[in-house]
Amino acid sequence: MTNIKENLERTQKRIHDACIAARRPIEEVELLAVSKKHSVQSIREVMGLGLSRFGENYAQEMLQKQEELSGTQSEFVFIGQLQSNKIQRIVRAAAEIQTVSSIKHVRLIAKYAKATGKAPYPIYLILNAGDEPQKAGLNFKDLEALSLEVTENYPELTLKGVMCIPPASIATSASIDNIPELYKKIKDLSLKVGQGKLSLGMSHDLETAIKTGSTCVRIGTDIFGSRD
Ligand SMILES: *Cc1c(COP(=O)(O)O)cnc(C)c1O
């Protein structure tokens, strides 16, 4: 059986220790609990332990959970692949979208944010830092260009910064004593994008990400257990 309380405490201790090692205030780093494929009951349990923001990857699943949990403190953050035909519902159900990578999606999010009274709506642009063909996201240059476009022309949006899932080979070999060049490059880019926030770091590279300067780590399995 998964002990969510123990898991969460272990994760929070890792974040705490990493912040101390990096000489950063703990308040700077948000823990986004990734609840995809986990039950509403598990989410309620994590809410009881003090967290209120949950990452979800699938629109339909997020909508259902959001409905079941309406009237609670819970907020959902969309971190999955965006599809134009689902953006209206995603904007309505989520408090933030971290996976924006096209001007078309920017336009749609701005439009629906305004229509639902949720403007200015928080977004991140997603970076494909290793130019991996199977992954979503923009390259460094295109992300910077889209960032300027959003900042100049979309008052309906709050551009928080950059979200990134670095190549697995780099993330798994990274350590707090040896920050990969790519991580530094990602951090440098994030400082030029919107509010300069950086959503970086999962279970295996949490410490490295915090040392790099991440302001949001996204943890699923280490809190909720495996998704079978
Ligand atoms: C699923 C997911 C996570 C969490 O992954 P775990 O391995 O379960 O910790 C984090 N970020 C994104 C974008 C994800 O899709």
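For the structure itself, look to the data block above.
A brief report on the enclosed structure follows. (Residues numbered from 1 in each chain as written. Predicted model: local features only at pLDDT ≥ 70, side-chain atom pairs only at ≥ 80, totals over all residues. Heavy atoms only, no water.)

A word on the site of the ligand
Working step 1: In the vicinity of the ligand there are 13 residues, among which Lys36, Asn57, Gly220, Thr221 and Arg227 approach most closely.
Working step 2: Within the backbone of Gly220, one N or O atom sits 2.8 Å away from an oxygen atom of the ligand.
Working step 3: Coverage of the ligand by the protein amounts to 88% of the 390 Å² it exposes when considered alone.
Working step 4: Looking at the shell around the ligand residue by residue, the class counts come to six nonpolar, four polar and three charged. (Near = heavy atom within 4 Å. Polar contact = N/O pair within 3.5 Å; in protein donor to acceptor, adjacent residues only side chain to side chain. Areas by Shrake-Rupley, 256 points an atom, 1.4 Å probe, with all protein chains shown as cover. Nonpolar A, V, L, I, M, F, W, Y, C, P; charged D, E, K, R; others polar.)

Remarks on the pattern of salt bridges
Working step 1: Within this structure, the stated rule accounts for 14 salt bridges.
Working step 2: Its salt-bridge partner being Arg53, residue Glu96 comes within 2.8 Å of it at the nearest N-O pair. You can see Glu96 sitting in strand E4 (residues 96–100) and its partner Arg53 sitting in strand E2 (residues 53–56), a full 43 residues away along the chain.
Working step 3: The partner of Lys160 in a salt bridge is Glu96, with the nearest N and O atoms 2.8 Å apart. Here Lys160 is found in strand E6 (residues 157–164), whereas its partner Glu96 is found in strand E4, with 64 residues between them in sequence.
Working step 4: Ionic contacts of the salt-bridge type, sharing partners, join the residues Glu30, Arg53, Glu75, Glu96 and Lys160 into one network. (Salt bridge = Lys/Arg side-chain N within 4 Å of Asp/Glu carboxyl O. Helix = DSSP H or I, 4+ residues; strand = E, 2+ residues; numbered from the N terminus.)

Remarks on the packing of helix H6 (residues 140–153) against helix H8 (residues 181–191)
Working step 1: Where H6 contacts H8, the two axes come as close as 11 Å, and the packing angle between them is 15°. Accordingly, the angle class assigned to the pair H6 and H8 is roughly parallel. As for how H6 packs across H8, the hand of that crossing is right-handed. Packed against H6, whose contacting residues are Phe140, Leu143 and Glu144, the element H8 presents Leu182, Lys185, Ile186 and Leu189 at the interface. (Axes fitted to C-alpha atoms, helices over the stretch in contact; angles between N-to-C directions. Parallel < 35°, antiparallel > 145°, perpendicular 65-115°, else oblique. Left-handed = near helix turned anticlockwise from the far one by under 90°. Contact = heavy atoms within 4.5 Å.)

Just distances and angles here, no functional claims.
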